[in-house]
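Close look at the chain arrangement
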Amino acid sequence: MAKLRDLVSGAATFLAVLCQTTSASAAVADDVAQDPVKLTGYGSFTGTTLNSTISGHALPAPVDAWLGIDYATQPTGPARRFRPVGPPKPFTGVRAASAYGKACIQDAAALDVDSQDEACLYLNVFRTAGVARTEKLPVLVWVHGGAFVAGSYRMFDGASFAASSTEPVVVVNFHYRLGALGSLPSRLFRDEGLLNLGLRDQRELLTFVQRHISSFGGDPDRVTLGGQSAGAHSVGIHYSHNYAGEEEEKPLFARVIHQSGSVTARSFPNATDPLCVEQMNQFMSHLGCPQDDKNKNNNGSDDAATLECLRTADVGAIRSATVAVYSAFYAALTWPFQPTQGGPLFEKYGSVSGREGTFHRVPSLNTHVTNEGNGFVPGDLETDAQFLDYFRNSLPELTEADISLLRDLYPDPVSDPSSPYHRVDFPGKGALFSRLATAWGDYAYICPVQETAHVAASVAGLATWKARFDTNSSFPAWQGIPHSADAQYAWDEPSAQHRDVARLYHGYFSSFVASGDPNKHRHPGSPAWPAYEPAAGDGSGASALQLVVRPGSNGTRPERDDRRSEQCLYWRDPERAARLHK
């Protein structure tokens, strides 16, 4: 329970505002409370005006908003649970869109049960006030994080982002199904075509945006798809799903932001991987439904009974079973209920899509923090054998040759005085903590982000930028600059410890959304963010410049992307990628 709470507690409190003025059009503003937005083929909605952030800080300028709009059929009841959704049902009349919708089912430790519901597929639209809806503005669609098991709109304050932008913009955030209800990797769901329901919710949202965002005064041809953590993994999956190799259909976005995530982040096994089979069986056991690997017969009758059990189970029991199974696998960081390779929208591993060039040719921002692994790994490892066994357990398809090379790349601080992972006197942390945290952070986040940027820039020649966030907001020493440390800075959170960094970081992000270039409208006085351009023949990216983000007058500046280059080549190796499920 505590681990799941930790996953979202930081981002859930980063709820925001700004301190920059927002430009406005000379055109007459729309009264969103009186002048309904008409969505062709759906219905009409009145909106509201927001003057404060989710956390209660005053906005520097009001923001027009339409809240809690159904973007799809709601996946409720036996007829709709564990099924793909479609467009929402049309209605007549006018509905008020002035209150946020409930979040999707998740652990009560992450969000109060009264704020959750299976009917959760809602979006929110935030738009710079004072700009007529006839003026079509660039759009940011943000996918929240939370390990695919937790989270809500509260993890990205869209009103704050819009109000902080020096250029008028539209921001959309939304909910998608989480936990078992969003992804239940299994032979059964593969055979029934039910894998990756949460990802498919996201795709439905993107289709809705293309269909209707112009009615809100947004430009469907200038949509940036962004996300943090699991949200960034999601962005990477959509970004990498262009299997025709050409833009035969109009893409659903024009640029992307990966904030501590990537299509090759962590591991995403297929539906019949032994780990997924074990997790499915534990989930079914907790729920009291027949276990998948014992029921398959030729006529499929047992499959029908299993689906009936799942679709009629009490949602509280589903929540409890999801939490129990997630908690059981947390220590090894082999999280259940993740997107499933081989399922819809994820038919290829991300590394394969990168090598084959089957990703969308769009500009990208790619960021990670300095110590991605510190907040995740256990702190009680003391020996080299324990370190190696940890990876044998969490990544069981690594060969002994892989394990031997891993040992050499991350030298044992106990036996090797020259190891950079020497023991630091962190309370409650063992001798191998820094070594394990570094290796796992490289595997899970840092090297995948580098891989995404490197492929986009060097293979496809796309406009690409990369950054390392290295700003410490009074975190305990053992955490360093941990995962999600930069989340609140992306929207210029007023309570952020380093206000200069909040203004600067948000300025790059909002400039990219507005123009496709993080420099064009960047915060005054901030340094130019150099394009990520590895030299010819540089497979690691060590020659490329990235931005390191730190407080102070000369803290943020360009640097070479040469930290642990050899280690990243290990995690990015094409032959090894299959064993890592990347």
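Everything below is about the structure shown above.
Residues numbered from 1 in each chain as written. Predicted model: local features only at pLDDT ≥ 70, side-chain atom pairs only at ≥ 80, totals over all residues. Heavy atoms only, no water.

1. Focus on the sheet that holds strand β2 (residues 43–46)
Sheets are built from strands that pair by backbone hydrogen bonding, the pairs being arranged parallel or antiparallel. The line we're drawing: Strands qualify as paired when DSSP identifies two bridges or more between them. Numbering of helices and strands starts at the N terminus; helices are DSSP runs of H or I of at least 4 residues and strands are runs of E of at least 2. A fitted line through C-alpha atoms serves as each axis, taken over the contacting stretch for helices, and the angle formed by two N-to-C directions is quoted from 0 to 180°.
The strand order across the open sheet built from three strands is β1-β2-β5, with neighbouring strands paired in mixed fashion. Edge strands, defined here as strands with exactly one partner in the open sheet, are β1 (37–39) and β5 (94–96). Along the sheet, successive strands turn relative to each other by an average axial angle of 30°, direction set aside.

2. Some details on the sheet that holds strand β11 (residues 364–369)
Let me state the cut-off plainly: In this analysis, two residues are considered to be in contact whenever any of their non-hydrogen atoms come within 4.5 Å of each other.
Strand order across the open sheet formed by 11 strands is β3-β4-β6-β8-β7-β9-β10-β11-β12-β13-β14, with mixed pairing between neighbours. Either end of the sheet is taken by a strand with one partner, and the two such strands are β3 (48–52) and β14 (557–560). The sheet shows a mean angle of 25° between the axes of neighbouring strands, direction not considered. In the sheet, β11 pairs with strand β12 (residues 464–469) via six bridges, with the strands oriented parallel. By the bridge assignment, V369 is partnered in β12 with F469. Contacting β7 (137–143), β9 (218–228), β10 (255–259), β11, β12 and β13 (545–549), helix α15 (residues 499–515) runs over the sheet at an angle of about 155° to β10.

3. Digging into the pairing of β2
Quick note on the threshold: For every residue, the accessible area obtained with a 1.4 Å probe (protein chains only) is divided by the maximum for its type, and the residue is called buried under 20%, exposed over 50%, and partly exposed between those limits.
Burial along β2 is two-sided: G43 and F45 and S44 and T46, pointing in opposite directions, are all buried. Pairing geometry for β1 and β2, over three bridges, is antiparallel. Opposite V37, over in β2, you have F45 as the bridge partner. Two successive antiparallel strands, β1 and β2, enclose a turn made up of three residues, where G41 displays a positive phi of approximately 80°.

4. A few points about the pattern of salt bridges
Rules: Put simply, a salt bridge is a Lys or Arg side-chain nitrogen that is within 4 Å of an Asp or Glu carboxyl oxygen.
Tallied over the entire structure, the rule returns 22 salt bridges. Across the salt bridge formed by E356 and K348, the nearest N and O atoms sit 2.6 Å from each other. Of the charged contacts, one joins R435 and D412 as a salt bridge, the two residues approaching to 3.8 Å between their closest N and O atoms. Of this pair, R435 sits in helix α14 (residues 433–459) while D412 sits in the loop between α13 (400–409) and α14, and the two are 23 residues apart along the sequence. By the burial criterion, R435 is buried, and D412 matches it. Salt bridges here are not isolated pairs; linked through shared partners, they connect R187, R190, D191 and D303.

5. Topic: the packing of aromatic side chains
Convention followed: Aromatic pairs are defined between Phe, Tyr and Trp rings, using the six-membered ring for Trp, whenever the two ring centres lie within 6.5 Å; interplanar angles under 30 degrees are classed as stacked, those over 60 as edge-to-face, and all others as tilted. Criterion for a charge above a ring: Arg CZ or Lys NZ at most 6 Å from the ring centre, at most 35 degrees from the ring normal.
This structure, assessed with the given rule, holds 36 aromatic pairs. Ring geometry for W66 against F216: centres 5.1 Å apart, planes inclined by 70°, an arrangement best described as edge-to-face. A residue pair is termed long-range when its members are at least 10 positions apart, and W66 in strand β4 (residues 58–70) and F216 in the loop between α6 (197–212) and β9 qualify at 150 residues. F216 sits in the buried class, given a relative accessible area of 1%. Taken together, the ring pairs in this structure connect Y326, Y330, W335, F376, F387, Y390, F391, W440, Y443, Y445, Y570 and W571 into an aromatic cluster. Stacked on the ring of F91, the Lys or Arg R95 has its end atom at 3.7 Å from the ring centre.

6. Looking at the environment of I318
Within the secondary structure, I318 sits in helix α10 (residues 315–328). Along the primary structure I318 and G179 are separated by 139 residues, whereas in three dimensions their C-alpha atoms are 9.2 Å apart. Excluding residues that lie within four positions of it along the chain, I318 makes contacts with R81, F82, L181, F283, L287, L310 and A313.

7. Observations concerning the state of the cysteines
We apply this condition: Cysteine sulfur atoms are paired as a disulfide whenever they come within 2.5 Å of each other.
Tallied over the entire structure, the rule returns three disulfides. Between the sulfur of C289 and that of C309 lies a disulfide, 1.9 Å long from S to S. An S-S torsion of about -85° defines the bridge between C289 and C309 as left-handed. Taken together, the residues C289 in the loop between α8 (274–287) and α9 (301–312) and C309 in helix α9 connect sequence positions 20 residues apart. For C447, the disulfide goes to C568, at an S-S distance of 2.1 Å. Between C447 and C568, the disulfide has an S-S torsion of -80° and is therefore left-handed. Here C568 lies in helix α16 (residues 565–572) and C447 lies in helix α14, a separation of 121 residues in the sequence. Residue classification places C447 among the buried residues on the basis of a relative accessible area of 1%. On the basis of relative accessibility, which here comes to 2%, the residue C568 falls in the buried class. With cysteine numbering restricted to those in disulfides and following the sequence, the protein chain has the pairing 1-2, 3-4, 5-6.

8. Observations regarding the nonpolar core
Put simply, the test is: Take the buried Ala, Val, Leu, Ile, Met, Phe, Trp, Tyr and Cys residues and link them wherever side-chain atoms come within 4.5 Å; each set so joined is a nonpolar core.
One finds L184, F189, F283, F387, F391, W440 and W571 to be the most contacted residues of the largest nonpolar core, which totals 62 residues. Tallying contributions element by element places α14 first for this core, with nine residues. Setting aside residues no more than four positions away along its own chain, F189 makes contact with F82, L184, L194, L195, L307 and L310. Formed by 53 residues, the second largest nonpolar core is a distinct cluster that contains V32, A97, F359 and V362.

9. Structural notes on the layout of surface pockets
To be explicit about the condition: With a 1 Å grid spanning the protein atoms alone, the term cavity applies to any set of points in which a 1.4 Å probe fits but cannot get out, the term pocket to an open set with protein on both sides within 12 Å along at least five of seven lines, and the term lining residue to any residue with an atom within 4 Å of a point. Grid points are joined across faces, edges and corners, and a volume is the space filled by probe spheres set on the points. Classes in brief: Ala, Val, Leu, Ile, Met, Phe, Trp, Tyr, Cys and Pro nonpolar; Asp, Glu, Lys and Arg charged; the others, Gly included, polar.
Estimated volume of the second largest pocket: approximately 410 Å³. Every element with two or more residues in the lining of the second largest pocket is listed here: α8, α12 (384–394), α14 and α17 (574–580). Ranked by residues supplied to the lining of the second largest pocket, first place goes to α8 with four residues. In terms of residue class, the lining of the second largest pocket is made up of 17 nonpolar, seven polar and four charged.

Fair warning: the whole summary comes from geometry, so function is off the table for now.
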